[in-house]
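Take a look at the letters that make up each chain.
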Amino acid sequence: MIRSSVSNCPVPTDQQPLNEYEELKNSWLFRDTTLDLREYITKIAWIWGLSWLVAGPVAAASFPPNKYIAHFILCGAAAASVGVVLALVRLYLGWFYVCDRLCSPTVFYEESGWYDGQTWTKPEEILNRDRLIVAYEIKPILRRLQFTFAGLAGMYVIGTIVWHLF
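Everything numeric in this text was worked out from a predicted model, so none of it was measured.

### Here's the deal with the UniProt feature "transmembrane region" (unreviewed entry) in the chain
In step 1: According to UniProt, the positions carrying the feature "transmembrane region" (unreviewed entry) are residues 44-63, 69-93 and 147-165.
In step 2: Strand forms 0% of residues 44-63 and helix 95%; the C-alpha atoms that close the span are 26 Å apart.

Spelled out as structure tokens, the structure:
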């Protein structure tokens, strides 16, 4: 955890936006979004491949591979993509939450439980630091996730067109 550079910050260390960012950046699933493009795509492909463990048998039950190989592959691929979509939604929501906390001029925090929430206004220097982190670290991750969603949507459209050709 990073210590706050503001000595009078009342926000508990684990609820400070910068520490939430560092924790998210170092967690096993969220860390994958910070990898270079090749490694990131490899991780997404692994999720898709593992999703085939569920999607494959379901697709095989609907479209026996020995009779309808194209439909089996398309159905399995689309169903396996659901696992990727769920992982991407989780990643996007996590990064968006931290982005929102860093960009906000005020920080909502809980002192000891859900019933005693407080708000702290960030000093200008902390707000500027946090917004720089958002601009240079988090916004590129959110854009990458958005492009991944767009790529998946494009593959669904192509898969639908191919489906109707068979």
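### A short note on helix α1 (residues 17-26)
In step 1: Among the residues making up α1, those that are buried are Pro 17, Leu 18, Asn 19, Glu 20, Tyr 21 and Leu 24.
In step 2: The inward-facing, buried residues of α1 contact α2 (28-31), α4 (69-103), β1 (106-110) and α5 (124-165).

### Notes on the pairing of β1
In step 1: Here β1 shows a clear split, with Val 107 and Tyr 109 buried on one side and none of Thr 106, Phe 108 and Glu 110 buried on the other.
In step 2: Relative to strand β2 (residues 117-121), β1 runs antiparallel, the two being bridged by five bridges. Across the sheet, residue Tyr 109 finds its bridge partner in β2, namely Gln 118.

### Side note on the environment of Trp 28
In step 1: In this fold, Trp 28 is placed in helix α2.
In step 2: A C-alpha to C-alpha distance of 16 Å links Trp 28 and Leu 145, two positions 117 residues apart in sequence.

### Overview of the packing of aromatic side chains
In step 1: Under the criterion given, the structure shown has eight aromatic pairs.
In step 2: Judged by centre distance (6.0 Å) and plane angle (85°), the ring pair of Trp 48 and Trp 52 falls under edge-to-face. Highlighted residues: Trp 48 and Trp 52, both in helix α3 (residues 37-62), separated by four residues, approximately one helical turn.
In step 3: Judged by relative accessible area, which is 32%, Trp 48 ranks as partly exposed.
In step 4: Judged by centre distance (6.4 Å) and plane angle (75°), the rings of Tyr 92 and Phe 149 are edge-to-face. Placement of Tyr 92 in helix α4 and of Phe 149 in helix α5 is noted, with a sequence separation of 57 residues between them.
In step 5: In this structure an aromatic cluster arises from ring pairing among Tyr 21, Phe 30 and Trp 95.
In step 6: When the ring centre of Tyr 40 is taken as reference, the NZ or CZ atom of Arg 144 above it lies at 4.6 Å.

Rules and cut-offs
The written sequence of each chain sets the order in which its residues are numbered from 1. Totals for whole chains, interfaces and linings use all residues, but because this is a predicted model, local features are given only for residues with pLDDT of at least 70 and pairs of side-chain atoms are given and counted only at 80 or more. The basis for the side-chain values is all heavy atoms of the structure; hydrogens and waters are excluded. UniProt positions are given in the numbering used here, feature names are shortened, and annotations may be inferred rather than shown by experiment. In DSSP terms, a helix is any run of H or I states spanning at least four residues, a strand is any run of E spanning at least two, and both are numbered starting from the N terminus. Relative accessibility thresholds used throughout: buried, under 20% of the residue-type maximum; exposed, over 50%; partly exposed, between the two (1.4 Å probe, protein chains only). Note on contacts: a residue pair qualifies if any of its non-hydrogen atoms lie within 4.5 Å across the two residues. Any two strands are treated as partners once DSSP identifies two or more bridges connecting them. In summary, the pairing rule links any two rings of Phe, Tyr or Trp, Trp by its six-membered ring, whose centres are within 6.5 Å, and it sorts them by plane angle into stacked for under 30 degrees, edge-to-face for over 60 and tilted for everything else. Cation placement over rings: the criterion is NZ of Lys or CZ of Arg within 6 Å of the ring centroid and within 35° of the ring normal.

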